[in-house]
Amino acid sequence: MEETKLRILELYSGIGGMHYAAELANIGAEVVFSVDINTSANEVYRHNFKQTNQQSRNIESLSANEINKLKPNVIMMSPPCQPFTRVGLKLDVEDSRCSSFLHLLDVLPHLETVSLVLMENVVGFETSEMRNAFTKALKSCGFYFQEFLLSPVSLQIPNSRNRYYLIAKKFTNFAFGTETDIMTAFPSNSCDITIPVGQKTLEPYLEKNFADEELARYLLPAKTLMKYWRILDVRQRSDISSCCFTKAYTHYAEGTGSVLQHDSNESFQEKFADFEKDGNVAHLEPLQLRYFTPREIANLMGFPAHFSFPENTSLRTRYRLLGNSLNVLVVSSLLKILLK
Ligand code: SAH
C-alpha cells in the first residue's frame, strides 16, 4: 500500500550514507527529498540514486511549508560537524556552519507529519550547546529520544568510527535509560531485531586482483615514508581493526586513516629493522605499503557493491566525500531500533 510507506527527508545528504542505511534496513521506506549544498557530493548521490528528488540547496532555504508538502515521516540527517570537532575552534552555536541546524530547530515545531528523527554527528556534540538546543526543541515538540556513542567495531567491523547518534520518536517513550544516559553499545535485550555484523578481519573488505598499475597508484611515495613512517598506522590484511578514515586521508599523514601492507608475505618487523639501521627507505619497498582505495573504505563503511563514483570524481574528492560520510551498518541498525 503506497500510503503506508515511510517517507524519509534526508538532510545534509552527502553521498547518501543515510539513504543506503534505509535501503539496508529494508523497512519499505522511500527517500522523498534529499538536500545538500555540495555539488560534488550531489553528483555522486545522483549518479547512484537516479530516481531520488535530490536538490543542491542551502538547508536554510527550506521552509516548514515546503517540508510539510512532502509529508515526510522521518528525518535523517548529519549536520556539519566542524563546529564540534576536537580540532575545530569549538565555536559551537556561534559557528556560522550551525546556522542551518538552528534554522531546522525553528522549523521543527511546525512540521506536521514528522514523528521520527535520526541524527549523526561527531563525538563532542554530546557536550555542546547545540546538543542542548536540539534536545530541548525535540522535547518541546513531544519527542522522546535516546543518544548513543557507537563505533562499527561493536558490530565486528574492523574499522573505528566513533560517532554520536540520536534517535527520537514522537509521543512514544522508547529511551533505554534515563534521559542523560548515552548508550555506548547497541541495546541487547530490548529489540529482537537483526543487527548485521561485519567480517572481523580486513581481508574480506580489500580489493582482489590488483593490477600493477592500480597498485602503483596507491603506493605510499618514498618521500611520505621517509617523513612520516613514525606516525603511520600500518595494518596487515589479517588485522581486526583500522583507524577512522577522515576527509584528509592521503593528504595529511597524521591521524587520517590506516595504511596497508599490501604484500603480506614479507616481514614487517624485518624490513623496518633494516630501514631503521641505515635510514634507506628502499628496504620498505617489498612491503608494498599502500593507501586503502576508496572502494575498500566504502566497503568498510558498509556501502553496497553497487555504490560507485562517477568516473570524473577525482581520487582526492572520493576520499574527502567518504571521510565525511558514515557507517551504513551502524545507521541501519539504529533505524531498525527506531522503527521497532
Ligand atoms: N551523511 C552524509 C555526509 C554528511 S557531511 C553522507 O553520507 O555522505 C555534512 C554535509 O552537510 C556535507 O555534505 C555538506 O555539504 C552539507 N552541508 C553543510 N551545510 C549545509 C547547508 N547549509 N545546506 C545544505 N547542506 C549543507
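No experiment lies behind these values; they were computed from the predicted model shown.

**Observations concerning the nonpolar core**
Phase 1 of the analysis: Grouped together as the largest cluster of nonpolar side chains are 68 residues, with contacts concentrated most on Met76, Leu118, Phe292 and Leu334.
Phase 2 of the analysis: Domain assignment of the residues forming this core places at least three in each of domain 1 (6-198 + 326-339) and domain 2 (208-292).
Phase 3 of the analysis: Not counting the four nearest positions on each side in its chain, Met76 is found in contact with Ile8, Leu9, Glu10, Leu11, Met18, Ala22, Leu118, Val331 and Leu335.

**Some points on the domain arrangement of the protein**
Phase 1 of the analysis: Looking at the protein, the domain boundaries give domain 1 (6-198 + 326-339) and domain 2 (208-292).
Phase 2 of the analysis: Taking both sides of the interface into account, the surface hidden between domain 1 and domain 2 amounts to around 490 Å²; carbon and sulfur atoms contribute 39%.
Phase 3 of the analysis: A per-residue breakdown of the area domain 1 buries against domain 2 is headed by Pro158, Asn159 and Ser160, which together make up 66% of the total.
Phase 4 of the analysis: At the surface where domain 1 touches domain 2, the tally comes to 0 salt bridges.
Phase 5 of the analysis: Applying the counting rule to domain 1 against domain 2 returns 6 residue pairs in polar contact (both at pLDDT 80 or more).
Phase 6 of the analysis: When the residues that make up the side of domain 1 that touches domain 2 are grouped by side-chain class, the tally is 1 nonpolar, 3 polar and 2 charged.

**As for the layout of surface pockets**
Gaps between atoms show up when a probe of the same size as a water molecule is rolled over them.
Phase 1 of the analysis: Quantified by volume, the second largest pocket comes out at close to 240 Å³.
Phase 2 of the analysis: Along the walls of the second largest pocket sit 16 residues, with Glu207, Glu214, Tyr218, Arg295 and Arg318 positioned nearest its centre.
Phase 3 of the analysis: Every element with two or more residues in the lining of the second largest pocket is listed here: helix 6 (212-218), helix 9 (294-300) and helix 10 (315-324).
Phase 4 of the analysis: Looking at the lining of the second largest pocket, its residues break down into 7 nonpolar, 3 polar and 6 charged.

**Focus: the state of the cysteines**
Phase 1 of the analysis: Counted according to the given criterion, the structure contains 0 disulfides.
Phase 2 of the analysis: We note that Cys244 lacks a disulfide partner, and the nearest cysteine sulfur, in Cys243, lies 8.4 Å from it.

**Notes on the site of the ligand**
Phase 1 of the analysis: In the vicinity of the ligand lie 18 residues, with Ile15, Asp36, Asn58, Ser78 and Ser325 positioned nearest.
Phase 2 of the analysis: Here an oxygen atom of the ligand and a backbone polar atom of Ile15 are 2.9 Å apart.
Phase 3 of the analysis: Ile37 is positioned such that a nitrogen or oxygen atom in its backbone is 3.1 Å from a nitrogen atom of the ligand.
Phase 4 of the analysis: The protein chains hide 88% of the 580 Å² of surface that the ligand would expose on its own.
Phase 5 of the analysis: Across the shell around the ligand, the residue classes break down as 6 nonpolar, 10 polar and 2 charged.

**Some remarks on the pairing of strand 1 (residues 6-11)**
Phase 1 of the analysis: Burial of strand 1 is extensive: 5 of the 6 residues sit out of reach of the surface.
Phase 2 of the analysis: As defined by bridge partners, strand 1 adjoins strand 2 (residues 29-36) across 6 bridges and the pair is classed as parallel. Bridge pairing in strand 2 places Glu10 opposite Ser34.
Phase 3 of the analysis: Pairing of strand 1 with strand 4 (residues 74-77) involves 4 bridges; the strand directions are parallel. Paired with Leu9 across the bridge in strand 4 is Ile75.

Conventions we followed
Residues numbered from 1 in each chain as written. Predicted model: local features only at pLDDT ≥ 70, side-chain atom pairs only at ≥ 80, totals over all residues. Heavy atoms only, no water. Core = buried A, V, L, I, M, F, W, Y, C linked by side-chain atoms within 4.5 Å. Buried < 20%, exposed > 50% of the residue type's maximum accessible area, 1.4 Å probe, protein only. Domains from an automatic or database assignment. Contact = heavy atoms within 4.5 Å. Buried area = accessible area lost by both parts, 1.4 Å probe. Salt bridge = Lys/Arg side-chain N within 4 Å of Asp/Glu carboxyl O. Polar contact = N/O pair within 3.5 Å; in protein donor to acceptor, adjacent residues only side chain to side chain. Nonpolar A, V, L, I, M, F, W, Y, C, P; charged D, E, K, R; others polar. 1 Å grid on protein atoms, 1.4 Å probe; cavity = no way out; pocket = protein on both sides within 12 Å on 5 of 7 lines; lining within 4 Å. Points joined across faces, edges and corners; volume = space filled by probe spheres on them. Helix = DSSP H or I, 4+ residues; strand = E, 2+ residues; numbered from the N terminus. Disulfide = S-S within 2.5 Å. Near = heavy atom within 4 Å. Areas by Shrake-Rupley, 256 points an atom, 1.4 Å probe, with all protein chains shown as cover. Pairing = 2+ DSSP bridges.

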